[in-house]
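Per-entry structural report
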Amino acid sequence: MRRKSFESVDCPIARSLERVGEWWTMLILRDAASGVTRFDAFEASLKIAPNMLTRRLSTLVADGLLERRLYQERPKRHEYVLTPRGRDFFPVLLALLDYGNRHFAPEGAAVAIVDEETGRAVDPVLIDRATGAPLAAMQLKLAPGPAASEACCARYEAYERQKEERAHRAAARKDARKGAREATKKSTGEAG
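The sections below set out a description of the structure shown in this document. Being a predicted model, the structure only gives us computed values, none of them experimental.

**Side note on unusual backbone geometry**
Between R74 and the following residue, P75, the backbone shows a cis peptide bond with an omega angle of -10 degrees. Counting through the fold element by element, P75 comes out in the loop between β1 (66-72) and β2 (77-82). One non-glycine residue with positive phi stands out, namely K47, at about 55 degrees. By the secondary structure assignment, K47 is in the loop between α3 (39-46) and α4 (50-62).

Listed below in structure tokens is the structure:
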């Protein structure tokens, strides 16, 4: 059964998932970022079936994340090297690794991020390029960009309406609790 394609969806997350959302793809990119370039090395590292690896590598080449280069003439052998687009995915892998270490590694980190020159452990933080402020410390939301379609704009308008409705309901519940407390104080004060 073929999965749904996100190719035509006007969401950069969906379009990125179209290219890198399959788990073998991310693991191949992880290995490529660690210096693996040859088919047999990917196969040995990942314990992946050769036909699946061939398909995934072909897709990564077609999507411009890997470049296929001839390294031996007889017999012809190719290696797979990260392109600039593929290297740009490395911080995403680091963020995913850090997330996994913090939330899904009760036994502790099996893989650490370290400075290659010093060996010092690195604690990755996503920042705003313009200000240098950590994204986690900022109040952020997603919003339609300049190339957003009408459907995309409508989706984010709906999100904002839902957010406002939740805020109104929360304020009403808070007011109701406050009113109930005041009524209780008044009734106990009058009774005492």
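**Thoughts on the layout of surface pockets**
A probe as big as a water molecule, rolled over the atoms, marks out the empty space that is left. Taken as a whole, the largest pocket encloses approximately 620 Å³ of empty space. Surrounding the largest pocket, 23 residues form its lining, R30, L93, L94, L97 and V111 being those nearest its centre. Put simply, the parts of the chain that give the lining of the largest pocket at least two residues each are α2 (23-33) and α6 (90-103). Residue contributions to the lining of the largest pocket peak at seven residues, all from α6.

**Some thoughts on the pattern of salt bridges**
Evaluated as defined, the whole model comprises five salt bridges. Here K141 ties to E160 by a salt bridge, and the two come within 3.4 Å at their closest N and O atoms. Remark: E160 occurs in helix α7 (residues 150-191) and K141 occurs in the loop between α6 and α7; sequence separation between them is 19 residues. Judged by relative accessible area, E160 falls into the partly exposed class, the value being 26%.

**Some thoughts on the packing of aromatic side chains**
By convention here, two paired aromatic rings are described through the distance between centres and the angle between planes. By the definition in use, this model includes two aromatic pairs. Ring geometry for Y156 versus Y159: centroids 5.0 Å apart, planes at 85 degrees, classification edge-to-face. Separated by three residues within a single helix, Y156 and Y159 lie in helix α7, roughly one turn from each other. Overall, Y159 belongs to the partly exposed group, its relative accessible area being 39%.

**Examining the nonpolar core**
Among the nonpolar cores identified, the biggest contains 18 residues, and I28, L29, F42, L53, L57, L60 and L66 are the most heavily contacted of them. Broken down by secondary-structure element, the contributors of at least two residues to this core are α2, α3, α4 and β2. In terms of residue count, α2 provides more of this core than any other element does, four residues in total. The contact partners of L29, leaving out residues within four places of it in the chain, are V20, L60, L65, L66, L82, F89 and L93.

**Section: the side chain of T25**
The topology assignment puts T25 in helix α2. On the basis of relative accessible area, T25 is assigned to the buried category, the value being 0%. If near-sequence neighbours (up to four positions away) are discounted, T25 is found in contact with R19, V20, R56 and L60.

Reading the values: the criteria
- Residues numbered from 1 in each chain as written.
- Predicted model: local features only at pLDDT ≥ 70, side-chain atom pairs only at ≥ 80, totals over all residues.
- Heavy atoms only, no water.
- Helix = DSSP H or I, 4+ residues; strand = E, 2+ residues; numbered from the N terminus.
- 1 Å grid on protein atoms, 1.4 Å probe; cavity = no way out; pocket = protein on both sides within 12 Å on 5 of 7 lines; lining within 4 Å.
- Points joined across faces, edges and corners; volume = space filled by probe spheres on them.
- Salt bridge = Lys/Arg side-chain N within 4 Å of Asp/Glu carboxyl O.
- Buried < 20%, exposed > 50% of the residue type's maximum accessible area, 1.4 Å probe, protein only.
- Phe/Tyr/Trp six-rings, centres within 6.5 Å; stacked < 30°, edge-to-face > 60°.
- Core = buried A, V, L, I, M, F, W, Y, C linked by side-chain atoms within 4.5 Å.
- Contact = heavy atoms within 4.5 Å.

Nothing here speaks to function; it is all geometry.
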